[in-house]
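One-letter residues, chain by chain:
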Amino acid sequence: MDLVSRYLDLVDAEMRRDPDVREGQAHCIALFRGWPHLAERIVGTERDCFSVDRHLPAFLVWVEEALAAEQQADDGGRAGTGQG
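Cut-offs and rules
- Residues numbered from 1 in each chain as written.
- Predicted model: local features only at pLDDT ≥ 70, side-chain atom pairs only at ≥ 80, totals over all residues.
- Heavy atoms only, no water.
- Helix = DSSP H or I, 4+ residues; strand = E, 2+ residues; numbered from the N terminus.
- Buried < 20%, exposed > 50% of the residue type's maximum accessible area, 1.4 Å probe, protein only.
- Contact = heavy atoms within 4.5 Å.
- Areas by Shrake-Rupley, 256 points an atom, 1.4 Å probe, with all protein chains shown as cover.
- Lys, Arg positive; Asp, Glu negative; His and termini not counted.
- Charge placed at Lys NZ, Arg CZ, Asp CG, Glu CD.
- Core = buried A, V, L, I, M, F, W, Y, C linked by side-chain atoms within 4.5 Å.
- Salt bridge = Lys/Arg side-chain N within 4 Å of Asp/Glu carboxyl O.
- Polar contact = N/O pair within 3.5 Å; in protein donor to acceptor, adjacent residues only side chain to side chain.
- pLDDT = per-residue confidence, 0-100.
- Expected span 1.5 Å × (residues − 1).
- Arc of directions from axis to C-beta.

A look at the overall build of the protein chain
Then, in step 1: When helices and strands are counted, the protein chain shows 4 helices and 0 strands.
Then, in step 2: Along the protein chain, helices and strands appear, N-terminal first, in the series α-α-α-α.
Then, in step 3: Taking the principal axes of its C-alpha atoms as reference, the protein chain extends roughly 45 × 25 × 15 Å.
Then, in step 4: Taking all 84 residues of the protein chain together, 30% fall into the buried category.
Then, in step 5: Long-range pairs, those at least 24 residues apart, make up 50% of the contacts in the protein chain between residues at least 6 apart in sequence.
Then, in step 6: In the form shown here, the protein chain has an accessible surface area of approximately 5200 Å², with 51% of it arising from carbon and sulfur atoms.
Then, in step 7: Where the 9 positive side-chain charges of the protein chain centre and where its 16 negative ones centre are 3 Å apart.

Section: the nonpolar core
Then, in step 1: Judged by nonpolar contacts, the single largest core of 19 residues is most densely connected at Y7, L31 and F59.
Then, in step 2: Elements represented by at least two residues in this core include exactly α1 (3-17), α2 (23-34), α3 (36-39) and α4 (56-79).
Then, in step 3: By residue number, the principal contributor to this core is α4, which donates 6 residues.
Then, in step 4: The contacts of L31, once residues within four sequence positions are left out, are Y7, P36, L38, A39, I42, F59, W62 and V63.

Looking at the pattern of salt bridges
Then, in step 1: Counting across every chain of the model gives 4 salt bridges.
Then, in step 2: In this structure, E46 engages R47 in a salt bridge whose closest nitrogen and oxygen atoms are separated by 3.2 Å.
Then, in step 3: In this structure E46 comes out as exposed when scored by relative accessible area, which is 53%.
Then, in step 4: Salt bridges here are not isolated pairs; linked through shared partners, they connect E14, R17 and R33.

Details of the environment of D2
Then, in step 1: Locating D2 in the fold gives a position in the segment before α1.
Then, in step 2: The partly exposed category is assigned to D2, whose relative accessible area is 37%.
Then, in step 3: Residues D2 and Q25, 23 residues apart in the sequence, show an inter-C-alpha distance of 22 Å.
Then, in step 4: Polar contacts involving the side chain of D2 include one to the side chain of S5, which spans 2.5 Å.

Things to note about the confidence of the model for the protein chain
Then, in step 1: Averaged over every residue, the pLDDT of the protein chain is 90; the share at 70 or more is 90%.
Then, in step 2: Taken as a whole, residues 80-84 scores under 50 in pLDDT and shows 2 contacts with residues more than four places along the chain or in a different chain.

A few points about α1
Then, in step 1: Counted at 1.5 Å a residue, the expected span for α1 with its 15 residues is 21 Å, and the 21 Å between its end C-alpha atoms agrees.
Then, in step 2: Regarding α1, the residues found buried are L3, Y7, V11 and E14. The arc that holds every buried residue of α1, seen down its axis, measures 85°, which confines them to one face.

Following this line, the structure appears as structure tokens:
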């Protein structure tokens, strides 16, 4: 499973767990659960959609790029070890 799919599964799980959570909050919580080192980079920026849902489009663009870079780094690390 690619990282973006895993991330979206976490978002869905969060929204099912707490139906009252706003969409932006669910996205931020999912990122913090799966990739806290990435989530720390968006806190307080124009991409932080935890408190402001209108930041969600910029957040999603950034998350997709960040997770793609993570995936590439993970795949590159395994390529050198014969895993993958």
